[in-house]
Structures are given as C-alpha cells and as structure tokens.
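Coordinate analysis (summary)
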Amino acid sequence: PHLGDTGDPPTTHLGQPIILNDENNGVDTVPDGDWIRVVWDPFKDSDLSHLKIYRFDEFNPDPVQIDSLSASTLHFLDTDSQLTERVWYSYYIDLVDSSGNTSRSDTISYALLSKSILLTPENNDTVSPDPLLGVSFTWDNSGFASLYRLVIFDEMSNYVWHQDLVVSFDTELLAIRLPTNLAIDYSGQSLRWRIDSFDWDEAMQRYMGSESEERIVHIQ
C-alpha cells in the first residue's frame, strides 16, 4: 500500500521503522511520466516460477492480467497510455511456483493527478538567493490539487527539505520559497527540485497524487 511520501514523518512497515523515500513508499506515481509504480517485498520461497499482475478500476471492476514477470522482480511500472486522471486503479499479483501452485496477494490502489508544470527557475538556471526572501520556486497546474509540496534534493538525489502549500480554487500564485539560510548552506552547489501534488478523496479516505518532472538549479 501507499505508505506516505518523501518528506512525510517516518512510519512503520512490517513492524520496522522506515524513513520514507521514493523507493520504499509503496504504490506511487512516477515523475518521468503519467505512470503508476507497484512494488512488493522480496519473496521468501525459493521454488518460484513467475508472477502475474492484475489490474481493475472503479469503471472496469473485472480484473485483467496486464503482465507476467520473473519471480525475482520487485516492482512493476504501469505505463499504459490509457490511465486516466482521478481514477483509482487497483492491483494484485498471483505468485506461481515451479509446480503450478499459486498464491494471491492483497490489493493496493492509487489514482493519478495532473502533473504540475514547473515555471521558475528554468532547468539549470543559476540563482542568487535574496537576502530576505531566499529562492522562489513557481509552477502551474493543468488540473487542481488541494496540496502541493516542493521537494528539494541534493546533487546525489538525497532528500534535503520540503515545504507544503495548501490551496483553494482562488489561489492565484503557486509558489514556495527556499529559506535564505538553507540556500546559503548550498552556495556553490546544485540542487534538484520537483513539485508533488495531492488531493484528498473523501470516499477513499486517502490522497491521490502526482510528481512533476525534476529540475536542477545552481545556487550562487
């Protein structure tokens, strides 16, 4: 299941505490495209043959097998061009051993939002932090989300900082500022940034989401 998002407080999974990142947070969207990534833990059995992955949604409730994968695989990227925004897609897998026995997983679900369109800074821009205001990051969105998160990573893609912005339909400027002191700490270095978008689904009692493309900004 979706455990949270990069920047969220640590959580527990299978009784173990984990610091959430893009690799361990469960089913999620992918910044490279309008894709959903499905992940699972390594299997304990050794006599495995393959696995089958199934998908269904609220408009197509009959599960359909969408792929067959090696049992050593630990994730699946659903790149189906027909994935529709704000539709909850559900997945499960059947694990098959060398004798043909099968075991079925539980089911996980996720829904995509429209990706935010990054505005400033442009990719590979060099910026000089304002002594009072820091560095401003702005974006646009072709749809609507009620919560946006600016996520900052270092040159090695390690998480550095994030800030959330709660919006309403009349919010005009989508912008978050990186604090001056933090920008100064990374003076002379490059940072990666992206915008994560979220919208709460009351019926599902969970967030749907998207992750924008990433850009690089050089701090003067």
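This text follows the structure it describes.
First things first, this report covers the structure right here in the doc. (Residues numbered from 1 in each chain as written. Predicted model: local features only at pLDDT ≥ 70, side-chain atom pairs only at ≥ 80, totals over all residues. Heavy atoms only, no water.)

1. Here's the deal with the nonpolar core
- Counting 28 residues, the largest nonpolar core has F137, W139, L150, I152, W161, L178 and W193 as the members making the most contacts within it.
- Elements represented by at least two residues in this core include exactly β13 (135-141), β14 (147-153), β15 (159-166), β16 (175-178), α1 (180-185), β17 (190-201) and β19 (215-219).
- Aside from chain neighbours lying at most four places away, what touches F137 is T120, P121, L150, I152, L174, A175, I176, L178, W193 and V217.
- Listed in part, the 18 residues of the second largest apolar core include L51, L83, V87 and L112. (Core = buried A, V, L, I, M, F, W, Y, C linked by side-chain atoms within 4.5 Å. Buried < 20%, exposed > 50% of the residue type's maximum accessible area, 1.4 Å probe, protein only. Helix = DSSP H or I, 4+ residues; strand = E, 2+ residues; numbered from the N terminus. Contact = heavy atoms within 4.5 Å.)

2. Observations regarding the environment of L3
- Residue placement: L3 occurs in the segment before β1 (11-13).
- Sequence separation between L3 and P42 is 39 residues, and the spatial gap between their C-alpha atoms is 17 Å.
- Discounting residues that sit within four places of it in the chain, L3 has contacts with T11, H13, I18, L20, N24 and N25.

3. Considerations on the environment of S103
- Within the secondary structure, S103 sits in strand β9 (residues 102-104).
- For S103, a relative accessible area of 45% corresponds to the partly exposed category.
- With sequence-adjacent residues up to four places away left out, S103 is seen in contact with I93, D94 and L95.

4. A look at the sheet that holds strand β11 (residues 116-120)
- Taken in spatial order, the three strands line up as β11-β13-β16 in an open sheet, and their pairing is antiparallel. This sheet does not close on itself; its edge strands, each paired only once, are β11 and β16. Going from strand to strand, the sheet's axes swing by 30° on average, the running direction of each strand aside. (Pairing = 2+ DSSP bridges. Axes fitted to C-alpha atoms, helices over the stretch in contact; angles between N-to-C directions.)

5. Brief notes about the packing of aromatic side chains
- Applying the stated criterion to the full structure yields five aromatic pairs.
- An angle of 55° between the planes, with centres 5.6 Å apart, marks the rings of W139 and Y148 as tilted.
- We classify W139 as buried; its relative accessible area is 2%.
- Both rings, one in W200 and one in Y207, keep their centres 5.0 Å apart while their planes meet at 75°; by these two values the pair is edge-to-face. (Phe/Tyr/Trp six-rings, centres within 6.5 Å; stacked < 30°, edge-to-face > 60°.)

6. Let's talk about the pattern of salt bridges
- If you walk through the whole model with that rule in mind, you get 12 salt bridges.
- As a salt-bridge pair, R86 and D199 come within 2.9 Å of each other at their nearest N and O atoms. Of this pair, R86 sits in the loop between β7 (75-78) and β8 (88-97) while D199 sits in strand β17, and the two are 113 residues apart along the sequence.
- When its relative accessible area of 37% is taken as the criterion, R86 is described as partly exposed.
- With relative accessibility at 11%, the residue D199 sits in the buried group.
- Taking the shortest distance from any N to any O, the salt bridge between E213 and R215 comes out at 4.0 Å.
- Residue R215 is classed as buried on the basis of its relative accessible area of 10%.
- Each of D22, R194, D196, E211 and E214 takes part in a single network of salt bridges with overlapping partners. (Salt bridge = Lys/Arg side-chain N within 4 Å of Asp/Glu carboxyl O.)

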